[in-house]
Amino acid sequence: MSDKGIDEFGATVADASYYYVSLPVTALKGGMLEEGVYTEEQIHLKMVQVGDKRMPFTDVFSQGTVQAVKCMLKVTKSGEKTVEILLTGKFEGYDCKLHYNGEVRYNNETADDEWQQHDVCMAPVIATCFYQQKIGLNRDLWTLQLCDVMPDAEGNISGNAHLMYINVIAEATPDHHIKTGDYPVSLYAEASTIAPGFFGIMPAGTFLVNLTENGNIAIGLAVKGHVKIEYKGGSDYAVDMNLTTDRGFYVQGSFDGKVPVNGYPTKGESTLAADYEVKLPAESTVGVAKCYGDYFQNGGVNWVVTITPENGEDDGIQFDLNCAGSDASKPADGKYLVGEGATGTFHYGYFSDGQIGGTLFFGSRNSSGGIDRYAPALDGEVSLRNNSDGTCTITFCLYDDWAAPHKFYGSWKGRLEIIDKSRLKKNKFEPRGVKTDCVGAKTKNKFKFNKI
């Protein structure tokens, strides 16, 4: 669904928002939508805002999505092929409400695939893991693959086999592996959870593929349960899964052995190549402090403080601070550690769709108006003090997103121009959403095991 739709060529339009709702199989009967009210316990809602980019609509949800905190979909049939749909969603700092009454086009590409119709107890003989992307503070997305049949040299699987895909949202260990933990299935991209299975163009998230000798495929989408992952060092893991599909069947199994991890980036998005002292403008420069009120809805006051370069020799810095209390006249004194919206923290720096947000360092603009020096802050400390003469002193020592992080540090004293944005929706780029594209390559009704 979209608030502005697509153009005549099937491409996105400027400043549109696009919404993707995954429904339970019970929402379809005879290949068509059933009447009903579906909440976040049953559906999965994500959103993309495209800005001025134009792209094929079929590619829009691969651009980095934001997941809803709460959502509701109400379907009412208004004719044999027409329905009335009301969709409401609550995102971090953004609410949506869409109403549609008209014909729905159905794309039943899964008609040839059957759903898993029995319990499965796997005995995997091979496993591998792929690092997908960072989706938040101490939240990385990984895909575990487990199979109970050895694939051939090209990764092809033949005969009766079970292939399990598990999307894990987990913190990385210092040596770039999945941290030990008991991971429950959760609809949201919370730390230390398993992303549920759902069906888009292909199955995605956490799901089971049951292959048979005659080429038939049965899919089981995991929606409940948990997976215990123990990292033993090196590439040794113990994995124990106890999951339930959307049709109520169990998927269980254990694996103890080598799980090679592929794709973990040693380089971050930061352009720093070494520790760096940020060269901020002189005290005569006026910084800007925008107040967004209780943006994170936890009783604090959110401020975005920006000190912009005055010339080609200066650097810039932005602090995304969530202050305790309710003072909206100026940012509160204190020391701020990294966080994700809690009071007394600075929001970590992040990238989204070519933009950078949160707490970050940036250089002067180049001749094209862009910024080609930058570093998001993923750790460190920011200290802020309001002085008696009306100025503000900020000191900081922060660390970027490399596996071996670079430090960037500095201080600034000057006056802050206060701008009240508390009554407006915050125009803040969100962290990239969970990548739910399945890692498997489906070719001629076959799923392949991705070997490293």
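Scroll up to find the structure.
Cut-off values and rules
Residues numbered from 1 in each chain as written. Predicted model: local features only at pLDDT ≥ 70, side-chain atom pairs only at ≥ 80, totals over all residues. Heavy atoms only, no water. Pairing = 2+ DSSP bridges. Helix = DSSP H or I, 4+ residues; strand = E, 2+ residues; numbered from the N terminus. Axes fitted to C-alpha atoms, helices over the stretch in contact; angles between N-to-C directions. Core = buried A, V, L, I, M, F, W, Y, C linked by side-chain atoms within 4.5 Å. Buried < 20%, exposed > 50% of the residue type's maximum accessible area, 1.4 Å probe, protein only. Polar contact = N/O pair within 3.5 Å; in protein donor to acceptor, adjacent residues only side chain to side chain.

Engineer: Before we move on, could you go through the sheet that holds strand β8 (residues 82-91) and cite the residues and values that matter?
Structural biologist: The strand order across the open sheet built from 4 strands is β4-β7-β8-β9, with neighbouring strands paired in antiparallel fashion. Of all the strands in the sheet, the pair left with one neighbour each is β4 (36-39) and β9 (94-103). The mean inter-strand angle of the sheet, taken between neighbouring strand axes irrespective of direction, is 10°. As paired strands, β8 and β9 are joined by 10 bridges and run antiparallel to one another. Directly across from Val83, in β9, lies its bridge partner Gly102.

Engineer: Could you give an account of the nonpolar core, with specific residues and numbers?
Structural biologist: Counting residues in hydrophobic clusters, the biggest one holds 29 residues, and the most contacted among them are Leu144, Met164, Ile166, Val168 and Ile178. Residue assignment for this core shows that the elements contributing at least two residues are β11 (120-122), β12 (126-136), β13 (139-147), β14 (161-170), β20 (217-233), β21 (236-245) and β22 (250-258).

Engineer: So what about the side chain of Thr143? Which residues, and what values?
Structural biologist: Examined against the element boundaries, Thr143 turns out to sit in strand β13. Of the polar contacts made by the side chain of Thr143, one reaches the side chain of Asn167; its length is 2.9 Å.

Engineer: Give me the lowdown on unusual backbone geometry, citing residues and values where you can.
Structural biologist: Phi is positive for Ser192, close to 60°, though the residue is something other than glycine. Residue position: Ser192 is located in the loop between β15 (181-184) and β16 (193-194). Phi is positive for Gln297, which is not a glycine, with a value near 55°. By the element assignment, Gln297 lies in the loop between β25 (287-291) and β26 (301-307). By relative accessible area, which is 53% here, Gln297 ends up exposed.

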